[in-house]
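Next come the chains, spelled out residue by residue.
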Amino acid sequence: FQDYFGPFQLTEAGNPKLISDDEVILQHESDLSIYFGDEKKYRKGKCVLTTHRVLWTDNKSERHSFHLKHVKSTNTKSGMMGVSSPKIIVFLNDREVVQRMSSGHDQSQHANLQQPKLIKIAPPKPGFIKLSFHSSSDRRDQFVRKTNKAVESKAWHKQKEEEKRDFTTKAAGIRGLMAENHRKQQQQSKVVNEAFADLESLMVHAKQMVSLAQRLAASTEAKEQANEFDTMLQGIGIISPVTKQAAGNEYHSLLARQLVDFLLAPLRRSGGMMTLTDVYCLYNKARGTQLVSPDDLLQACTLMQRMNMPMTLRAFEESGVMALQLNEFSEEKQTNKILDLIDHKCGANGVDELRLSQLLNISINLAREQLLNAERNLFLCRDDCVHGLRFYRNMFASYDRDMYWNKVHEQKQKIIMEL
């Protein structure tokens, strides 16, 4: 049975790393065991179902991946209260492996140039694995429905089919182009009809729907009706958004992990910090119609420090403004960057929050907080004038009173001696 399983990698936030752009997360389970036949092999771990794989981890060192191409069929088995848990029985396909060539003298000298021969190996008896759900039979039923949809869809084959489409004389010329265009239209129509049949199908076909929308947005019609197509693309959103239905009681921790993966690049581009208001707008715009509430977002961000994520939630002292900040963010480096900008970009005019937000590519609220923080640490001083509040390098911070007056006294004595 172990030959049906392989490893999988994690992202920086601890989410499973998807093997292709076509793979979409369908469901999370927080408490699931795996049986090899009737023998329990992996006990009570976390599981993720995607359009391509079943991923299981004990949240420590063990991570196992089972590809859905191995699924022949599925069945369910009821549990008994306090005795056994509801289960999915997964019957296995034969495995295809490359046959090793013999090294005998009768082997042809051209054997190395031949295509490798694939042979089928039957699964070990009794020919099935079981997934045991310690949560509820409802979660089991959702899982098996989505698994069957994914197996029926065979999303892992579609990219290979496109890559293997070879050139033929039938595809040449105007007739060939028209035939290819007709085939693509039929395929797109099939994707749309299947995707909107029900919610599970929509999730399985999510990647194809996004690709279709992007191709439509690049068309001539889209350019003529830009606003409508922008709205449509916004509605498509993130391909695998974390939802309460799919995540169950792990919703806020999984939301925190998805936020980290989503925000790492924007945070690094914007200097390592972003206000929670900007995070809310940016993330919900990407999710499209499946919006996250402010309370859920705040709760997910609060969990990040406890989960040892590469970013944490921070509240500024006086204003109470909350921001997400990368752990690698340094107040000292940010202050030095502001001082360098004042010296080389602003000169004698100083800097205000609007100008700093433009120079650092951050929001005005965050620029204001960083200026006030640098002022509290005595690196900047302010000039509150008719033109507004501006900040300058604090020259008094480097002021040495004794050295200054010693120099004044020396100059005074020099003048007296000259007289």
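Residues numbered from 1 in each chain as written. Predicted model: local features only at pLDDT ≥ 70, side-chain atom pairs only at ≥ 80, totals over all residues. Heavy atoms only, no water.

**So, the packing of helix H10 (residues 276-287) against helix H11 (residues 294-303)**
Where H10 contacts H11, the axes come no closer than 11 Å and their chain directions differ by 115°. In terms of their interaxial angle, H10 and H11 are classed as roughly perpendicular. In this structure, the crossing between H10 and H11 has a hand that is right-handed. Here H10 contributes Leu276, Val279, Tyr280 and Tyr283 to the contact with H11, which in turn contributes Pro294, Leu297, Leu298 and Cys301. (Axes fitted to C-alpha atoms, helices over the stretch in contact; angles between N-to-C directions. Helix = DSSP H or I, 4+ residues; strand = E, 2+ residues; numbered from the N terminus. Parallel < 35°, antiparallel > 145°, perpendicular 65-115°, else oblique. Left-handed = near helix turned anticlockwise from the far one by under 90°. Contact = heavy atoms within 4.5 Å.)

**Observations regarding the environment of phenylalanine 128**
Here phenylalanine 128 shows up in strand E10 (residues 128-133). Take phenylalanine 128: its relative accessible area is 14%, and that puts it in the buried class. Separated by 93 residues in the primary sequence, phenylalanine 128 and tyrosine 35 place their C-alpha atoms 8.7 Å from one another. (Buried < 20%, exposed > 50% of the residue type's maximum accessible area, 1.4 Å probe, protein only.)

**Comments concerning the pattern of salt bridges**
Taken as a whole and judged by the stated rule, the model has 14 salt bridges. A salt bridge links glutamate 331 to arginine 314, with the shortest nitrogen-to-oxygen separation between them at 2.3 Å. A residue pair is termed long-range when its members are at least 10 positions apart, and glutamate 331 in helix H12 (residues 331-346) and arginine 314 in strand E12 (residues 311-315) qualify at 17 residues. With a closest N to O distance of 2.6 Å, aspartate 343 and arginine 393 form a salt bridge. A residue pair is termed long-range when its members are at least 10 positions apart, and aspartate 343 in helix H12 and arginine 393 in strand E15 (residues 388-393) qualify at 50 residues. The exposure class of arginine 393 is partly exposed, given its relative accessible area of 34%. (Salt bridge = Lys/Arg side-chain N within 4 Å of Asp/Glu carboxyl O.)

**A short note on the side chain of serine 65**
Looking at where serine 65 falls in the secondary structure, it is placed in strand E5 (residues 63-67). With near-sequence residues (within four places) excluded, serine 65 lies in contact with Tyr4, Phe5, Gly6, Pro7, Phe8, Arg53, Val54 and Leu55.

**Structural notes on the nonpolar core**
Counting 27 residues, the largest nonpolar core has Leu259, Leu263, Leu297, Met304, Met311 and Leu324 as its most contacted members. Those elements that place two or more of their residues in this core are helix H9 (251-269), H10, H11 and strand E13 (322-326). If you tally residues by element for this core, the top one is H9, at nine residues. If near-sequence neighbours (up to four positions away) are discounted, leucine 263 is found in contact with Met274, Val279, Leu282, Met311 and Leu324. (Core = buried A, V, L, I, M, F, W, Y, C linked by side-chain atoms within 4.5 Å.)

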